[in-house]
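Structure at a glance
Here is how the chains run, residue by residue.
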Amino acid sequence: MEAAAGKKDQRVYHPYDPRKNKGKGEGRPRESNRPPRYEFVMGLADLIAIPNIAARLKVPEETSDKVLGPKPDMWCEFHKGFGHSINSCLSLGHQLAELVKCGFSKDYLLEKRTG
């Protein structure tokens, strides 16, 4: 029994283990999955209604009553559901970033935002 009492904790922690980094401000940055933000000549709801843009977007599945984020009072025109706004929609942001990267939506682009 004495040998077991003298053993050190031999758990190995992954660098991003939340138990190890909790409260230290370390680990993976929260914004790492955020797409670049762009300024368009119109609102995103109007932009995704343009047939040439709409045809190139992968439309999300119907969500019915499911809330898609932490803000149940916010409506996303892209998902047709509550939980976040269209301006903070990651799915739409990534798809629009791809269209900008390919040069397709440059006619609707004002300038790239920095954050």
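Residues numbered from 1 in each chain as written. Predicted model: local features only at pLDDT ≥ 70, side-chain atom pairs only at ≥ 80, totals over all residues. Heavy atoms only, no water.

Observations regarding the confidence of the model for the protein
- Per-residue confidence for the protein gives a mean pLDDT of 76; residues scoring 70 or more make up 65%.
- Mean pLDDT values for the elements of the protein range from 52 in helix H2 (residues 18–21) up to 94 in helix H3 (residues 44–47). (pLDDT = per-residue confidence, 0-100. Helix = DSSP H or I, 4+ residues; strand = E, 2+ residues; numbered from the N terminus.)

Digging into the packing of aromatic side chains
- Scanning the entire structure with this criterion turns up two aromatic pairs.
- Measuring from ring centre to ring centre gives 6.5 Å for Tyr38 and Phe40, while their planes differ by 55°; the resulting arrangement is tilted. With respect to class, Tyr38 is no different from Phe40; both count as buried. (Phe/Tyr/Trp six-rings, centres within 6.5 Å; stacked < 30°, edge-to-face > 60°. Buried < 20%, exposed > 50% of the residue type's maximum accessible area, 1.4 Å probe, protein only.)

Regarding the nonpolar core
- Judged by nonpolar contacts, the single largest core of 18 residues is most densely connected at Phe40, Leu47, Ile53, Leu57, Phe78, Leu92 and Leu96.
- Secondary-structure elements contributing two or more residues to this core are strand S1 (38–40), H3 and helix H5 (90–101).
- Excluding anything up to four places from it in sequence, Phe40 contacts Leu47, Leu96, Val100, Ser105, Tyr108, Leu109 and Leu110. (Core = buried A, V, L, I, M, F, W, Y, C linked by side-chain atoms within 4.5 Å. Contact = heavy atoms within 4.5 Å.)

Concerning the side chain of His79
- Its location among the elements puts His79 in the loop between strand S2 (71–76) and strand S3 (81–83).
- Polar side-chain contacts of His79 include one of 3.4 Å to the side chain of His84. (Polar contact = N/O pair within 3.5 Å; in protein donor to acceptor, adjacent residues only side chain to side chain.)

Section: the environment of Gln95
- Considering the arrangement of structural elements, one finds Gln95 in helix H5.
- Expressed as a C-alpha distance, the spacing of Gln95 and Arg56, which sit 39 residues apart in the sequence, is 8.6 Å.

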